[in-house]
Amino acid sequence: MAMPISCSAFRRAALVLALVAGGMPAFAQDSASQSTGQSATQIANSQPAGEVVLIPNRVIYPGETIELAALKQVTLIAGKHKPDAVATRSEELQGKIAKRTLLPGRYIPSAAIREAWLVEQGAAVQVFFAAGGLTITATAVTLQPGSAGDFIKVRNSDSGKILSGTVMADGTVQVGAS
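What you see is a predicted model; the values in this text were computed from it and never measured.

Chemist: Tell me about the confidence of the model for the protein, residues and numbers included.
Modeler: Looking at the protein, the pLDDT average stands at 79 and 71% of residues meet or exceed 70. Predicted confidence is poor over residues 31-48, with pLDDT under 50, and the contacts of this stretch with residues over four places away or in other chains come to 12 contacts.

Dropping the structure here:
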């Protein structure tokens, strides 16, 4: 004979499933307003200050640029700390690109965001080689996208030779001796 599941056991099981399926939620209280009707000042006076973090307030899809309007500032509940390797400051998030779906109310893992591409795959770029006083420039086509500082492969437009180089801040690619 099956025993009925108690309400607390059911809630516990549902929480475990939600954590496993959707990642770790941000245990936080909204910085702007509280559901209990207390003002932010009353709550701040009644408990120690928690960490302030940014979490999505809507679904952010892969490839989408993260804007501050899509984020919500929350204060973590006293005694709770954010996990390591999560982006929580506006400087870490503004203008970055989501690599995977970011869900509302969840922390944003640092591995789930990337810099915007400076050069797109298939774009024509200037490639240069510099050694001492010698500088050689050529036109090439990128074989992969990249941000400033990324090591990418390019194909020389004239010779067809594939070269590897570093994307520079101005969108050119610096190649080394091969």
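Having seen the model, we can carry on.
Chemist: Would you mind going over the sheet that holds strand β10 (residues 151-156) in detail, with residue names and values included?
Modeler: An order of β8-β9-β10-β11-β12 is seen for the 5 strands of this closed barrel, with the pairing classed as mixed. This sheet shows a mean twist of 50° between the axes of neighbouring strands, independent of strand direction. Relative to strand β11 (residues 162-167), β10 runs antiparallel, the two sharing 5 bridges. Looking across to β11, one finds that arginine 155 is bridged to isoleucine 162.

Chemist: Go over the environment of glycine 63 with me, naming the residues and quoting the values.
Modeler: Here glycine 63 shows up in the loop between β2 (52-56) and β3 (71-76). A residue is classified by how much of its surface remains accessible, and glycine 63, at 49% relative accessible area, is partly exposed. In this structure, the C-alpha to C-alpha distance between glycine 63 and lysine 96, residues 33 residues apart in sequence, is 9.4 Å. Once residues lying within four places of it in the same chain are set aside, the contact partners of glycine 63 are Ile97 and Ala98.

Chemist: Account for the nonpolar core, naming residues and giving values.
Modeler: Counting residues in hydrophobic clusters, the biggest one holds 12 residues: Leu54, Ile60, Ile66, Ala70, Leu71, Ala87, Leu93, Ala98, Leu102, Ile108, Ala112 and Ile113. Each residue touching isoleucine 66, except ones within four places of it in the same chain, is listed here: Ile60, Leu71, Leu93, Gln94, Gly95, Lys96, Ala98, Leu102 and Ile113. Residues Val119, Val125, Val127 and Val175 belong to the second largest nonpolar core, which totals 10 residues.

Chemist: Provide a residue-level description of the packing of aromatic side chains, including the pertinent values.
Modeler: Counting across every chain of the model gives 0 aromatic pairs. Over the ring of tryptophan 117 we find arginine 114; its NZ or CZ atom is 4.0 Å from the centre of that ring.

Chemist: Just give me the short version of unusual backbone geometry, but keep the residues and values in it.
Modeler: Here the phi dihedral of alanine 85 falls at roughly 65°; this positive angle occurs in a residue that is not glycine. Take alanine 85: its relative accessible area is 57%, and that puts it in the exposed class.

Chemist: Residues and numbers for the environment of isoleucine 55, please.
Modeler: Among the secondary structure elements, isoleucine 55 is positioned in strand β2. Overall, the relative accessible area of 4% leaves isoleucine 55 in the buried class. Sequence separation between isoleucine 55 and leucine 102 is 47 residues; the distance between their C-alpha atoms is 9.0 Å.

Chemist: Can you explain the pairing of β11? Please cite residues and give values.
Modeler: Counting the residues between successive antiparallel strands, the hairpin from β10 to β11 contains 5 residues, one of them, glycine 160, with a positive phi of roughly 80°. In this structure, β11 lies alongside strand β12 (residues 173-175), joined through 3 bridges in antiparallel fashion. When the bridges of β12 are listed, threonine 166 appears paired with glutamine 174. Between β11 and β12, which pair antiparallel one after the other, the connecting turn spans 5 residues, and glycine 171 there sits at a positive phi close to 90°.

Calculation criteria
- Residues numbered from 1 in each chain as written.
- Predicted model: local features only at pLDDT ≥ 70, side-chain atom pairs only at ≥ 80, totals over all residues.
- Heavy atoms only, no water.
- pLDDT = per-residue confidence, 0-100.
- Contact = heavy atoms within 4.5 Å.
- Pairing = 2+ DSSP bridges.
- Helix = DSSP H or I, 4+ residues; strand = E, 2+ residues; numbered from the N terminus.
- Axes fitted to C-alpha atoms, helices over the stretch in contact; angles between N-to-C directions.
- Buried < 20%, exposed > 50% of the residue type's maximum accessible area, 1.4 Å probe, protein only.
- Core = buried A, V, L, I, M, F, W, Y, C linked by side-chain atoms within 4.5 Å.
- Phe/Tyr/Trp six-rings, centres within 6.5 Å; stacked < 30°, edge-to-face > 60°.
- Lys NZ or Arg CZ within 6 Å of the ring centre and 35° of its normal.

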